[in-house]
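# Summary of the model geometry
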Amino acid sequence: MKKLVKENNINDYIKIAKTDIYVYIIILILISLILLFISYKVNWYYLMIFCIAFPFTIINRILTYRNLKNIKNYLIENSLLDKIGKIVFWNEKNYFLTDKYIITSEYNVTRHYKYDDILKISKRKNTVLNSKHSYFEEYLIITFKDKEQIELLICTTALVDENFKDITEFLLNKNKNIIFSK
């Protein structure tokens, strides 16, 4: 028997992002209380330092929520909300792939791009080697007919707060005229 899977729409993703914020805040409070209790028992309060990094995760969740709200407002203002089709992929941070568009939101600027407007795509690899971090990143550079470019993370060995996926084949299937250079 085939399971029915509900397709999420923009409102579902906004609800998920909002719930994430609440969950992360509750986890922060619980971890803080546990660490405070342990610190009090052992009389060593430096354990509380572990709570410092967690607010940054909450801030990232808030930024994701804001990006989703910006995308929804943009789609409503441009009468695109009912025209985007099914959401195929969301990177859980700042861009969607839908049946008809790539929708991005970065630095409070939201845009949509038709797949037919893609001129070429290429990949850029970046390796960071230093005394603190070593990681590999790969980006897909999408160039549109109007010469505008966007870069989307498609692979990394670093810890990132987003979902990444190589969408090259997806784009090539959406527009057979894309020039692909490695």
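Our subject is the structure listed above.
Below: a short report on this structure. Please read these numbers as outputs of a predicted model, since none were measured by experiment. (Residues numbered from 1 in each chain as written. Predicted model: local features only at pLDDT ≥ 70, side-chain atom pairs only at ≥ 80, totals over all residues. Heavy atoms only, no water.)

## Observations regarding the pairing of strand β2 (residues 95–98)
The condition is simple: With a 1.4 Å probe rolled over the protein chains alone, any residue whose accessible area is under 20% of its type maximum counts as buried; one over 50% counts as exposed, and the rest are partly exposed. Runs of H or I in DSSP of at least four residues are treated as helices and runs of E of at least two as strands, each being numbered from the N terminus. Paired strands, in this sense, are two strands between which DSSP finds at least two bridges.
The alternating pattern of β2 places Tyr95 and Leu97 on one face and Phe96 and Thr98 on the opposite face, and all of these are buried. Hairpin remark: strand β1 (residues 87–90) followed by β2, antiparallel, with 4 residues in the connecting loop; positive phi at Glu92, about 65 degrees. The antiparallel pairing of β2 with strand β3 (residues 101–106) creates a hairpin that spans 2 residues between the two strands.

## Describing the environment of Ile25
Examined against the element boundaries, Ile25 turns out to sit in helix α1 (residues 10–42). C-alpha separation for the pair Ile25 and Ile58, spaced 33 residues apart in sequence, amounts to 6.9 Å.

## Quick word on the sheet that holds β2
Short version of the rule: For helices, the fitted line uses only the C-alpha atoms of the stretch in contact; every axis is such a line through C-alpha atoms, and the angle between N-to-C directions lies from 0 to 180 degrees.
The 4 strands are arranged β1-β2-β3-β4 in an open sheet whose pairing can be described as antiparallel. Since the sheet does not close on itself, it has two edges, and those belong to β1 and β4 (109–114), each with one partner. Going across the sheet, the axis of each strand differs from the next one's by a mean of 15 degrees, ignoring polarity.

## Description of the pattern of salt bridges
Here is the rule we go by: Any Lys or Arg side-chain nitrogen located within 4 Å of an Asp or Glu carboxyl oxygen qualifies as a salt bridge.
Enumeration according to the criterion identifies 4 salt bridges in this entry. As a salt-bridge pair, Glu148 and Arg111 come within 2.7 Å of each other at their nearest N and O atoms. Separated by 37 residues along the polypeptide, Glu148 in the loop between β6 (134–144) and β7 (149–156) and Arg111 in strand β4 bring together distant segments of the chain. Here Arg124 and Glu151 are joined by a salt bridge, their closest N and O atoms 2.6 Å apart. A residue pair is termed long-range when its members are at least 10 positions apart, and Arg124 in strand β5 (residues 118–129) and Glu151 in strand β7 qualify at 27 residues. Assessed through its relative accessible area of 30%, Arg124 is described here as partly exposed.

## Looking at the side chain of Ser105
To keep it simple, the criterion reads: We define a polar contact as two N or O atoms separated by no more than 3.5 Å, with the added condition that, inside protein, one atom must be a possible hydrogen donor and the other a possible acceptor, whereas residues neighbouring each other in sequence contribute only through side-chain atom pairs. Residue contacts follow a heavy-atom distance rule, with two residues in contact if any of their heavy atoms lie within 4.5 Å.
Within the secondary structure, Ser105 is located in strand β3. Among the polar contacts listed, one links the side chain of Ser105 to the side chain of Thr110, at a separation of 3.1 Å. Other than its neighbours up to four places away in sequence, Ser105 contacts Asn67, Asn70, Ile71, Asn94 and Thr110.

## Comments concerning the packing of aromatic side chains
The geometry of an aromatic ring pair is captured by two quantities: the separation of the ring centres and the angle between the planes. To be explicit about the condition: Each pair of aromatic rings taken from Phe, Tyr and Trp, with Trp reduced to its six-membered ring, is defined by centres within 6.5 Å and is described as stacked if the planes are under 30 degrees apart, edge-to-face if over 60, and tilted in the remaining cases.
Under the defined criterion, the tally for this structure stands at 7 aromatic pairs. Taking the centre distance of 4.3 Å and the plane angle of 15 degrees together, the rings of Tyr113 and Phe144 count as stacked. Taken together, the residues Tyr113 in strand β4 and Phe144 in strand β6 connect sequence positions 31 residues apart. Under the relative-accessibility criterion, Tyr113 is labelled buried at 5%. What makes Phe144 buried here is its relative accessible area of 2%.

## Points about the packing of α1 against helix α2 (residues 54–77)
The cut-off we apply is this: Oblique is the label for any angle not under 35 degrees, not over 145, and not in the 65 to 115 range, which are roughly parallel, roughly antiparallel and roughly perpendicular in turn. Throughout, a crossing is termed right-handed when the near helix is turned clockwise from the far one, and left-handed when it is turned anticlockwise from it by less than a right angle. Residues are grouped as follows: Ala, Val, Leu, Ile, Met, Phe, Trp, Tyr, Cys and Pro are nonpolar; Asp, Glu, Lys and Arg are charged; all remaining types, including Gly, are polar.
Packing of α1 against α2 brings their axes to within 9 Å, and their N-to-C directions diverge by 165 degrees. On the basis of the axis angle, α1 is roughly antiparallel to α2. Where α1 crosses over α2, the two elements pack in a sense that is left-handed. When grouped by side-chain class, the residues that make up the contact of α1 with α2 number 17 nonpolar, 2 polar and 5 charged.

## Section: the pairing of β5
Sheet topology places β5 next to β6; 11 bridges connect them, and they run antiparallel. Bridge pairing links Lys125 to Glu138 in β6. Between the antiparallel neighbours β5 and β6 lie 4 residues. Here β5 pairs with strand β8 (residues 179–181) via 3 bridges, running parallel. Note on β8: the bridge partner recorded for Ile121 is Phe180.

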